[in-house]
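One-letter residues, chain by chain:
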Amino acid sequence: MFGFNKTKKNKVGIVIDFAGSSIGGLLFETKEGEKMRILISFRKPVNFLFETDFNASLRCTGESLRFVTKELKKFYPGKIDFVVCIFSSPWFISQTKTVTVTTEKPFEVKNEFFNNLIEEEEKKLSKDKKINSQFIEHEVMKAVLNGYGVQNPIGKIANSVKSSIYVSAGVKKAMEKVKEEVEKSFNHAVLSFATFPLVAFKVLSDIINEKEGFLIIDIGGDVTEICIVRNGALEQAVSFSVGYNLLLKKISSRTNTFFGESVSILKAYLREHLAIDGQDKTTLAVNDSVKEWSDGLRKSLSEISKESFLPQSALLMGDDLICKPFYSYVDSEDFSEFTIIRKPFIAKKIEQVWLKQYFDVADSFHYENNTALTMGAVYAGVFLKNLKLK
């Protein structure tokens, strides 16, 4: 158990990374005027089923969530002030939109103006009947008045307002599952939700200075998410249903082993420690998986580059070991046609050390090099306005 003297100015929070193939949990402390301090983290894979329906998938994910919340409670039985659950695909839907309003006579820009725009975009998002959803976020990321970007447009006079808006909604049953487990372990904590695209945009935009913008490519278990950040806004967020579990399944199938053994086989393969037969079979699995994944990536890049070419810089996230075969393909010539100068992407792995300016680590911290989880903690402890200390 970790002990420290909590004062009125201290707050203890938890971030839950609710992903498709695993659940992560991170405990941290914030104190006014100081860096946030990470205390401990846990991650639990979701017991994978080859063929499953939505309810079975949610049930398995819920079991991993229960494990993580219990471990966090065991480590720190004291009062938790807030919990932020961050959804990755496929647990949310989102929409980014640039809306331009032009009038003959200048008008004063008020909160009501943006509230009406957001309400209209939420109506459009709610028409998506693929899932039973509940709204999570709505944010005006950028406002341009009469052709000039402004930090705070409220109260200013303009006859042209260009707004970049992001709205998202989570799978309602997943949100209810999170509420249920959080209430069991952290009854008095304030619970809020967020989505990966907005979290990544907020945090990475603060530390990366790329004039032409950048892509974020996050390779999850069953879904790969792609975000375009450009001109100070999250321009687009799309996903396709291929992730690293495809590789693990193909390794399991090719080598006639259990799915749980696939990671060990891949590790041995990358170190060239397999017998010739195993090395050959795994090579086929890797090549098949990378081909299928790259086809999905190409289709998505083609779709999001229709209006304008893509930034040259591509920032990569995912499990370092499992995603290595996919990473090596991103900066190939195959995708040059989509970039702004028609050359390969300049691909960089997002490193946890990039975030070190925001936090310290407790001496007893169970260190896990998990960028997504740490990024979520930085978002919750630094960027989430309604959680700032008073």
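In this text the structure is predicted, and so the values were computed from the model without any measurement.

1. Describing the sheet that holds strand 2 (residues 22–31)
Sheet strands pair via backbone hydrogen bonds, and the direction of the pair is either parallel or antiparallel. Read across the open sheet, the six strands follow the order 9-4-1-2-3-15; overall the sheet is mixed. If you trace the sheet from one side to the other, it starts and ends with strand 9 (190–195) and strand 15 (359–361), each paired once. Direction aside, neighbouring strands of the sheet carry axes that sit 30° apart on average. Where strand 1 (residues 10–18) lies against strand 4 (residues 82–87), six bridges are found, and the strand directions are parallel. Paired with Val15 across the strands is Val84, a residue of strand 4. Here helix 4 (residues 196–207) sits on the sheet and contacts strand 4 and strand 9; the angle it forms with strand 9, its principal contact strand, is near 85°. Of the strands in this sheet, strand 1, strand 2, strand 3 (36–45), strand 4, strand 9 and strand 15 are in contact with helix 9 (residues 371–383), which crosses strand 2 at around 35°.

2. Concerning the state of the cysteines
Counted according to the given criterion, the structure contains zero disulfides. Here Cys60 stays unpaired: no disulfide links it, and the sulfur of Cys85, its closest cysteine neighbor, is 17 Å away. Free of any disulfide, Cys323 has its nearest neighbouring cysteine sulfur in Cys227, separated by 15 Å. A relative accessible area of 0% places Cys323 in the buried class.

3. Things to note about the nonpolar core
Counting residues in hydrophobic clusters, the biggest one holds 70 residues, and the most contacted among them are Phe18, Leu27, Ile80, Phe87, Leu204, Ile216 and Met375. Not counting residues up to four positions away in its chain, the partners in contact with Leu27 are Val12, Gly13, Ile14, Arg37, Ile38, Leu39, Ile40, Leu72, Phe75, Tyr76 and Ile80. Core analysis: the second largest hydrophobic core is formed by 34 residues, Leu266, Trp293, Leu301 and Leu310 among them.

4. Here's the deal with the confidence of the model for the chain
For the chain, the average pLDDT comes to 88, and 92% of its residues sit at 70 or higher. Per-residue pLDDT stays below 50 along residues 386–390; that stretch engages in nine contacts with residues further than four places along the chain or on separate chains.

5. A short note on the sheet that holds strand 7 (residues 148–150)
Within the open sheet, the four strands sit side by side as 5-8-6-7. Their pairing is antiparallel. The outermost strands of the open sheet, each flanked by one partner alone, are strand 5 (92–108) and strand 7. When strand polarity is set aside, the average angle formed by the axes of neighbouring strands in this sheet is 30°. Of the strand pairs in this sheet, strand 6 (residues 133–145) and strand 8 (residues 157–171) are connected by eleven bridges, and their pairing is antiparallel.

The rules we used
Counting of residues starts from 1 at the beginning of each chain's written sequence and follows it residue by residue. Residues qualify for local features only when their pLDDT is at least 70, as the model is predicted, and side-chain atom pairs are given and counted only at 80 or more; totals for whole chains, interfaces and linings, by contrast, use all residues. Side-chain numbers here rest on the full set of heavy atoms in the structure, without hydrogens or water. When DSSP finds at least two bridges between two strands, those strands are taken to pair. Comment: elements are numbered from the N terminus, with helices defined as DSSP H or I runs of at least four residues and strands as E runs of at least two. Orientation is described by lines fitted to C-alpha atoms, with helices fitted over the stretch in contact, and by angles between N-to-C directions that extend from 0 to 180 degrees. The contact criterion used throughout is that any non-hydrogen atoms of two residues lie within 4.5 Å. Two cysteine sulfur atoms form a disulfide, by the criterion used here, when they sit within 2.5 Å. Here the term buried applies to any residue with accessible area under 20% of the maximum for its type, exposed to any over 50%, and partly exposed to those in between, with areas from a 1.4 Å probe on protein chains only. To qualify as a nonpolar core, a set must consist of buried Ala, Val, Leu, Ile, Met, Phe, Trp, Tyr and Cys residues joined through side-chain atoms within 4.5 Å. The score called pLDDT rates the predictor's confidence residue by residue, from a low of 0 to a high of 100.

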